[in-house]
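In case you want the letters, here they are:
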Amino acid sequence: MAKPKVATASLAGCFGCHMSILDIDERILQLIELVDFDKSPVDDIKEFTGRCAVGLIEGGCCNEENVRVLKDFRKHCDILISVGECAICGGIPAMRNTIPLKECMDEAYRNGPSVYNPTGVYPNDPALPLVLNKVYPCHEVVKIDYHLQGCPPPADTIWQALVALLTNKPMDLPYELIKYD
Amino acid sequence: MSELEQGIRQICATFHNDKSRMMDIVQAVQARFGCVSSVALDLIAKAVGTARVEVESTVSFYTFLTDQPKGKIVIRLCSDVIDEMFGMGPVARAFEDALGIKVGQTTPDGAITLEWTACIGMCDQAPAAIINDTVVTYLSTDKAREIVAELRKSGDPRKLVHRLGDGHNAHPLVRSMVHNSIRRKGPVVFADLPPGSALRKALAMSPVEVIRDVKTSRLRGRGGAGFPAGMKWEFTRQSEGERKIVICNADEGEPGTFKDRVILTEYADLLFEGMAIAGYAIGAKEGILYLRGEYAYMRPLLDHILQVRRDAGLLGREVCGKRGFDFDIRIQLGAGAYVCGEETSLISSCEGLRGDPKNRPPFPAQKGYLGCPTSVNNVETYCCVARILDRGPGWFAEIGSKGSPGTKLFSVSGDCASPGVYEYPFGVKLIELLRDVGAEDAAAVQVGGPSGHLVGPADYNRSLEYDDLATGGSIVIFNKDRNVVHVVRKYLEFFVEESCGYCTPCRVGNVLLLQKIEDILHGRGTPADLAYLEQLAKTVKVTSRCGLGQTSPNPVLSLLKSFRPVLEALVKPQADEFLPTFDIRAALGSTEDLIGRKSVVFTP
Ligand SMILES: Cc1cc2nc3c(=O)[nH]c(=O)nc-3n(C[C@H](O)[C@H](O)[C@H](O)COP(=O)(O)O)c2cc1C
Ligand code: SF4
Ligand code: SF4
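Just so you know, these numbers come straight off a predicted model, no measurement behind them.

Novice: Residue-level account of the overall build of chain A, with values.
Specialist: Summing up its helical and strand segments, chain A has 7 helices and 7 strands in all. Reading the secondary structure of chain A in the N-to-C direction produces β-α-α-β-β-β-α-β-α-α-β-β-α-α. Over its C-alpha atoms, taken along the principal directions, chain A stretches across nearly 60 × 40 × 30 Å. As presented, chain A carries roughly 9,600 Å² of accessible surface, and 57% of it is formed by carbon and sulfur atoms. Positive and negative side-chain charges in chain A, numbering 17 and 25 respectively, have mean positions lying 7 Å apart.

Laid out in structure tokens, this is it:
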């Protein structure tokens, strides 16, 4: 029987959550026994090759590319998991949500102390994804099945969640792994 | 010394610089200086010897208190669903047009502020508003314009009252246009009792015998929860502490409830008689009537009745000449916070604090007001007590049903021919009541206010009593043209506004429930949302700290239970991967405008 496939993506995140995925250390070998990786920065597969059992999403949606990727994940994955604060609440990128879009753009591309932009145009090459009016947590864009909290969630949490899902067993998370204060 | 400083010193001195009288102090300061300004906060703190933040926390909690100047006249429009059904929308717009401001603003000359406020207890004469302390009822767009013209001319809201209401509403100390609308009298509450007759009978017995009588009558609290009154008194009596307190809960904030208003207007003597009996039974010298701020217009009458009772020896030292039994009552005015009806919040408020509920245990009967054993009962409960002592527990227990002896007042409003207050024996069938009020064709009935249950015709044969359809007394009727989902939205808005914010399930959960109901109303709901609503509602119920959060999801749960087809007709399966609540065009629009090019990924 073919192994179930797992895909991962980093949207508006810092890659810290992916680091945490890799932090499962040598258990990655066990994981490879259980699953194949599909679209993911881990193996640098750029587009889905087929249906996946689980998709792990790091980061929220700050631009249209994030939205496109997230939609693509929803389309290809049976179960979609928001991993980490940014995917769940928007995280640091969402701090801009309290500032009007134009002010953000002006600070970034016109008025910032290190900006040199005599013509005052905003970068607008069609290759650059348009930013959204605000940063959205993933579950406000598509249906998300599970949330794994943490910044980043500990490797053990991610490991336990994946194994539980893939072996269809209840998840056993000790208190230390889900206590954050 | 500035005028403000002098005024504040004087006011604080009136209340013996006692910080537990903070509610009275800040209300008096606001009445005199228009608001409790930042400077005033410091001055009050200094005068009563507390920290500024303590004063500020009280002022910031209550809707009717403010640290920013408002208009000399504040018009508070009732935002309840009933008022909306009877035309508050156009009335509010007429006020806005006539004043040239929006709701929430003050006229540029600082004369008039226009605001929304939660149910003011006038649902049977909606739409209604309170202007300073004056209640105006049966509003229309024409009346709104007349009111503004009159206020601009005289600056005195009391001049708006042309025709006086019935009964004591016309009393020189009240002079209100409010109507009692007593539609059905029963033998317990809406019946005469010569002042002192029940009290004298009680004083002829021992306190323990009085409690025994109340227990024999099987009287249960009329405020909603239905706790046996005699048992509560016994606990309070037996609790340690010399000083004991009797409190009457006249906060009546549950939208759609107004029966206590009618008791206070017409049968205050009966109530005070009951409170004095309670004082005797539990061994208390002090009674407090916690009167909701919206009913401030009745305060002069109530103060007067208390004085008359003192003069007649029914209050004060040696009540009715009974050696060793001193008892008096003071009125504590609230300031517009529904949660203060919850007994532990109410006690906080009486202590001059913000109206946050307290943790239980200890229960108020053990440690209540200022740490003293305290018994809190509803207005109607005390009236029943007086009648029980007058007529005997056996007589009372014969009325009503087995588990719910006595009668109950119902405040009936909404789509019916005769809104008003009805006294029925407990156990009356809902359909009987609907027939009597002229609403047999009702499509939905909210029993017990927003924290109660919304029922449909399938439940009309059930009976109104603790063991079946329990209610603190509110019956709100909706005809077939009303949108029950919208009704639930209005109730959730109420809870979101009134949550004290202490615990997360209630503070956040109610907002999420409201958002989801709004999504569904706007056609952005999916079938999966119904399961989400149910789960979230149950979570809020079981994890909230006080009765507010424990009952606030009831409208949603009732909707899911009794009106599921209505919800199912509103939700649609999701069209693509995007949630129906996510609008990619809206998310990109402002950037496209700013940068001057369209998205190539999500083309319009
Ligand atoms: C949010 C909330 C609001 C309440 N409002 C009132 C009220 O306005 N009047 C009232 O008598 N009881 C109200 N109650 C119930 C009181 O906490 C308390 O149970 C009641 O006053 C006890 O009196 P009883 O035993 O005579 O009914 C409220 C409870 C909650 C949780
Ligand atoms: S949740 Fe933390 S670790 Fe993960 S992407 Fe966001 S900032 Fe980085
Ligand atoms: S349930 Fe609501 S009202 Fe009660 S304590 Fe919690 S936040 Fe406050």
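Novice: I'd like a description of the overall build of chain B, backed by residues and values.
Specialist: When you go through chain B residue by residue, the secondary structure sums to 24 helices and 14 strands. What you see for chain B is a C-alpha radius of gyration of 25 Å, in line with the 25 Å of a compact globule of 604 residues. For chain B, the spread of C-alpha atoms along the three principal axes comes to 90 × 65 × 50 Å. A burial count over chain B gives 59% of its 604 residues as buried. Partitioning the intrachain contacts of chain B with sequence separation of at least 6 by distance along the chain shows that 70% fall at a separation of at least 24. Surface summary for chain B: the accessible area is close to 23,500 Å², and the carbon and sulfur share equals 51%. Charge separation in chain B, taken as the distance between the mean sites of 71 positive and 73 negative side-chain charges, equals 3 Å.

Novice: Any details on the site of ligand 3? Residues and values, ideally.
Specialist: All names here are of chain B. The immediate surroundings of ligand 3 are formed by 13 residues, with Cys500, Tyr502, Cys503, Cys506 and Cys546 found nearest. Among the cavities detected, the one that contains ligand 3 is the largest cavity. Its residues assigned to classes, the shell around ligand 3 shows 8 nonpolar, 4 polar and 1 charged.

Novice: Could you give an account of the pattern of salt bridges, naming the residues involved and the relevant values?
Specialist: All names here are of chain B. Taken as a whole and assessed by the stated rule, the structure comprises 54 salt bridges over all chains. The shortest N-O distance in the salt bridge between arginine 21 and aspartate 24 comes to 3.1 Å. In this structure, the salt-bridge partner of aspartate 356 is arginine 354, at a minimum N-O distance of 3.1 Å. Exposure remark for arginine 354: the relative accessible area of 26% places this residue in the partly exposed category. If you follow the salt bridges from partner to partner, you end up with Lys232, Glu342, Glu343 and Arg360 in one network.

Novice: I'd like a description of the site of ligand 2, backed by residues and values.
Specialist: All names here are of chain A. Close to ligand 2 lie Gly13, Cys14, Gly16, Cys17, Glu58, Gly84, Glu85, Cys86, Gly150, Cys151 and Pro152, which account for all nearby residues. Take the shell around ligand 2: its biggest share by element is 3 residues, from helix H4 (residues 84–89). Taken together, the residues of the shell around ligand 2 break down into 5 nonpolar, 4 polar and 2 charged.

Novice: Any chance you could break down the interface of chain A and chain B for me, citing the residues and the numbers?
Specialist: Between chain A and chain B, the contact holds 25 residues from the first and 20 residues from the second. The largest contributions to the chain A side of the interface with chain B come from Glu64(A), Lys71(A) and Leu130(A), which together make up 29% of the buried area. The salt bridge involving Lys71(A) is made with Asp576(B); its shortest N-O contact spans 3.9 Å. At the boundary of chain A and chain B, one finds 7 residue pairs in polar contact (both at pLDDT 80 or more). Secondary-structure elements contributing two or more residues to the side of chain A that touches chain B are helix H3 (64–76), helix H5 (101–111) and strand E6 (131–136) of chain A. Residues that form the side of chain A that touches chain B fall into these classes: 13 nonpolar, 3 polar and 9 charged.

Novice: Before we move on, can you summarise the packing of helix H2 (residues 22–33) of chain B against helix H3 (residues 38–48) of chain B with the specific residues and values?
Specialist: All names here are of chain B. Closest axis-to-axis distance for the H2/H3 pair is 12 Å, and the angle between their directions is 140 degrees. The pairing of H2 with H3 is recorded here as oblique in orientation. Crossing hand, H2 versus H3: right-handed. For the pair formed by H2 and H3, the contact residues are Met22, Ile25, Val26 and Val29 on the first element and Ala40, Ile44 and Val48 on the second.

Novice: A description of the nonpolar core should follow, citing residues and the corresponding values.
Specialist: Residues and elements named next belong to chain B. The biggest cluster of nonpolar side chains holds 106 residues, and the ones touching the most others in it are Leu271, Phe272, Leu289, Phe327 and Leu389. The greatest single-element share of this core, amounting to 11 residues, is contributed by helix H12 (residues 268–282). Excluding residues that lie within four positions of it along the chain, phenylalanine 272 makes contacts with Leu289, Leu302, Ile305, Leu306, Arg309 and Ile329. Val29, Ala40, Ala335 and Val376 belong to the second largest nonpolar core, which has 45 residues in total.

Novice: Please give an account of the side chain of Arg292(B) that cites residues and values.
Specialist: Residues and elements named next belong to chain B. Its location among the elements puts arginine 292 in the loop between strand E7 (286–291) and helix H13 (299–311). Residue classification places arginine 292 among the buried residues on the basis of a relative accessible area of 4%. Of the polar contacts made by the side chain of arginine 292, one reaches the backbone oxygen of glutamate 252; its length is 3.0 Å. With sequence-adjacent residues up to four places away left out, arginine 292 is seen in contact with Cys119, Ile120, Gly121, Ala250, Asp251, Glu252, Gly253, Leu333 and Gly334.

Novice: How would you explain the sheet that holds strand E1 (residues 73–78) of chain B if you had to name every residue and give the values?
Specialist: Residues and elements named next belong to chain B. Strand order in this open sheet of 4 strands is E2-E1-E3-E4, and the pairing throughout is mixed. The open sheet has two free edges, formed respectively by strand E2 (112–117) and strand E4 (134–136), since each of these has just one partner strand. On average, adjacent strands in this sheet sit at an angle of 25 degrees to one another, irrespective of strand direction. Pairing of E1 with E2, which is carried by 6 bridges, proceeds in the parallel orientation. When the bridges of E2 are listed, leucine 77 appears paired with tryptophan 116.

Novice: Outline the layout of surface pockets, listing residues and values.
Specialist: Each pocket or cavity is described by its volume, and for the largest pocket that value is around 1,400 Å³. As for the largest pocket, its lining consists of 49 residues, and the residues nearest its centre are Gly223(B), Gly224(B), Ala225(B), Gly341(B) and Glu342(B). Mapped by element, the contributors of at least two residues to the lining of the largest pocket are helix H10 (229–238), helix H11 (259–266), strand E9 (374–378) and helix H21 (547–551) of chain B. Partitioned by chemical class, the residues of the lining of the largest pocket number 12 nonpolar, 26 polar and 11 charged. The space that makes up the second largest pocket amounts to roughly 1,200 Å³. If you trace the second largest pocket, you find 27 residues lining it, with His139(A), Leu512(B), Lys516(B), Tyr532(B) and Leu579(B) closest to the centre. Among the secondary structure elements, those contributing two or more residues to the lining of the second largest pocket are H4 and strand E7 (146–148) of chain A together with helix H19 (504–521) and helix H20 (527–543) of chain B. Considering every element that reaches the lining of the second largest pocket, the biggest residue donor is H20(B), with 6 residues. Looking at the lining of the second largest pocket residue by residue, the classes come out as 12 nonpolar, 8 polar and 7 charged.

Thresholds, definitions, all that
- Residues numbered from 1 in each chain as written.
- Chains lettered and ligands numbered in written order.
- Predicted model: local features only at pLDDT ≥ 70, side-chain atom pairs only at ≥ 80, totals over all residues.
- Heavy atoms only, no water.
- Helix = DSSP H or I, 4+ residues; strand = E, 2+ residues; numbered from the N terminus.
- Areas by Shrake-Rupley, 256 points an atom, 1.4 Å probe, with all protein chains shown as cover.
- Lys, Arg positive; Asp, Glu negative; His and termini not counted.
- Charge placed at Lys NZ, Arg CZ, Asp CG, Glu CD.
- Rg over C-alpha atoms; globule rule 2.2 N^0.38 Å.
- Buried < 20%, exposed > 50% of the residue type's maximum accessible area, 1.4 Å probe, protein only.
- Contact = heavy atoms within 4.5 Å.
- Near = heavy atom within 4 Å.
- 1 Å grid on protein atoms, 1.4 Å probe; cavity = no way out; pocket = protein on both sides within 12 Å on 5 of 7 lines; lining within 4 Å.
- Sits in = over half its atoms within 2 Å of the grid points.
- Nonpolar A, V, L, I, M, F, W, Y, C, P; charged D, E, K, R; others polar.
- Salt bridge = Lys/Arg side-chain N within 4 Å of Asp/Glu carboxyl O.
- Buried area = accessible area lost by both parts, 1.4 Å probe.
- Polar contact = N/O pair within 3.5 Å; in protein donor to acceptor, adjacent residues only side chain to side chain.
- Axes fitted to C-alpha atoms, helices over the stretch in contact; angles between N-to-C directions.
- Parallel < 35°, antiparallel > 145°, perpendicular 65-115°, else oblique.
- Left-handed = near helix turned anticlockwise from the far one by under 90°.
- Core = buried A, V, L, I, M, F, W, Y, C linked by side-chain atoms within 4.5 Å.
- Pairing = 2+ DSSP bridges.
- Points joined across faces, edges and corners; volume = space filled by probe spheres on them.

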